[in-house]
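Analysis of the macromolecular model
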Amino acid sequence: MSDEKMVNVYFFGKKYSVPSELTIMNAMEYAGYQLKRGCGCRNGFCGACATIYRIQGKNQLQTCLACSTKVEEGMVVATLPFYPLVKQVYDMEKIKPEQAVMMQLYPEIYSCIGCNACTRSCTQELNTMQYIAYAQRGDFAKCAELSFDCIMCGCCSSRCPAGISHPQVAELARRLNGKYLQPETQHLLDRVAEIDAGNCEEAIKKMVELSTGDKEQIKNLYNTRDIEK
């Protein structure tokens, strides 16, 4: 008899007994589900496997990424194939890094009640409520810095009573910061000009050929590359 510990979990309303060492994603596959969507990178950084669960006997809803969260006894799981965040349309050439931009595009951020549910549900443990506060004040540099590791899974917005689309607000702040507030990086501008001129076509072709061959060569090229200071 195997010594492997098993736990009872519920996927889409059905009960399954699965090994306790598995992640939610692996446990679903163990139970026979074929994951074609919502599985992404499987390493906790793409945000595709946003999941809501609760433990039987407890009324709190928890948010997580299914690829990096282990199953627990009595876990009742509901996956989010996507979260319908509000994404406003704007032209980066026409908007400016002014507080009025947020008022016009994402006015709901000023309805924040400070409950901190967004921060508690963040799968990357970001201080989500704080970066929204920076966005409210038009401090896009600080908002961009604090939200830099956001993977846009949407778990924060799924718990927000004010209906704020936190990832989209943060993305706008990072775009404004990158375009208008941060100093230009000359070596990046030079490389973009080289690409536009077609000077990198041969190098790109070689990389494509390498991608179907010896991956060790690609690793070696990456590890020995020239890094701009």
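Residues numbered from 1 in each chain as written. Predicted model: local features only at pLDDT ≥ 70, side-chain atom pairs only at ≥ 80, totals over all residues. Heavy atoms only, no water.

Some thoughts on unusual backbone geometry
Among all residues save glycine, negative phi is the norm, and among peptide bonds the norm is trans. If you check the backbone angles, R42 has positive phi at about 60 degrees while not being a glycine. Among the secondary structure elements, R42 is positioned in the loop between α1 (24-30) and β3 (50-55). For M152, which is not a glycine, the phi torsion comes out positive at approximately 60 degrees. As for its placement among the helices and strands, M152 is situated in the loop between α5 (140-146) and α6 (155-158). (Helix = DSSP H or I, 4+ residues; strand = E, 2+ residues; numbered from the N terminus.)

Observations concerning the nonpolar core
With 27 residues, the main nonpolar core has V9, F11, V18, I24, V71 and M75 as its most contacted residues. Taken together, the elements giving at least two residues each to this core come down to β1 (6-11), β2 (14-19), α1, β3, β4 (62-65) and β5 (75-79). Non-local contacts of I24, meaning those with residues more than four positions away in its chain, are made with F11, T51, C64, A66, T69, V71, M75 and V77. Judged by nonpolar contacts, the second largest core, of 21 residues, contains I95, Y134, C143 and C160. (Core = buried A, V, L, I, M, F, W, Y, C linked by side-chain atoms within 4.5 Å. Buried < 20%, exposed > 50% of the residue type's maximum accessible area, 1.4 Å probe, protein only. Contact = heavy atoms within 4.5 Å.)

A short note on the packing of helix α4 (residues 128-137) against helix α7 (residues 166-181)
Between α4 and α7, the least distance of the axes is 10 Å, while the angle of their chain directions is 50 degrees. Between α4 and α7, the angle is such that the two are oblique. Of the two possible hands of crossing, α4 and α7 adopt the one that is left-handed. Touching T128, Y131, I132 and A135 of α4 are H166, P167, V169 and A170, all from α7. Looking at the contact of α4 with α7, its residues break down into six nonpolar, two polar and no charged. (Axes fitted to C-alpha atoms, helices over the stretch in contact; angles between N-to-C directions. Parallel < 35°, antiparallel > 145°, perpendicular 65-115°, else oblique. Left-handed = near helix turned anticlockwise from the far one by under 90°. Nonpolar A, V, L, I, M, F, W, Y, C, P; charged D, E, K, R; others polar.)

Section: the packing of aromatic side chains
Enumeration over the complete set of coordinates arrives at four aromatic pairs. Ring pairing ties together the aromatic residues F11, F12, Y16 and Y33, which thus form one cluster. The ring centre of Y180 lies 5.5 Å from the NZ or CZ of K179, which sits over that ring. The side chain of R225 reaches across the aromatic face of Y222, ending 3.9 Å from its centre. (Phe/Tyr/Trp six-rings, centres within 6.5 Å; stacked < 30°, edge-to-face > 60°. Lys NZ or Arg CZ within 6 Å of the ring centre and 35° of its normal.)

Details of the sheet that holds β4
Strand pairing within a sheet occurs via backbone hydrogen bonds; the two strands may be parallel or antiparallel. The five strands lie next to each other as β2-β1-β5-β3-β4, forming an open sheet whose pairing is mixed. Unpaired on one side and paired on the other, β2 and β4 mark the two borders of the sheet. In this sheet, adjacent strand axes meet at a mean angle of 35 degrees when their direction is disregarded. Note that β3 and β4 share four bridges and pair antiparallel. Bridge pairing in β4 places A50 opposite L65. (Pairing = 2+ DSSP bridges.)

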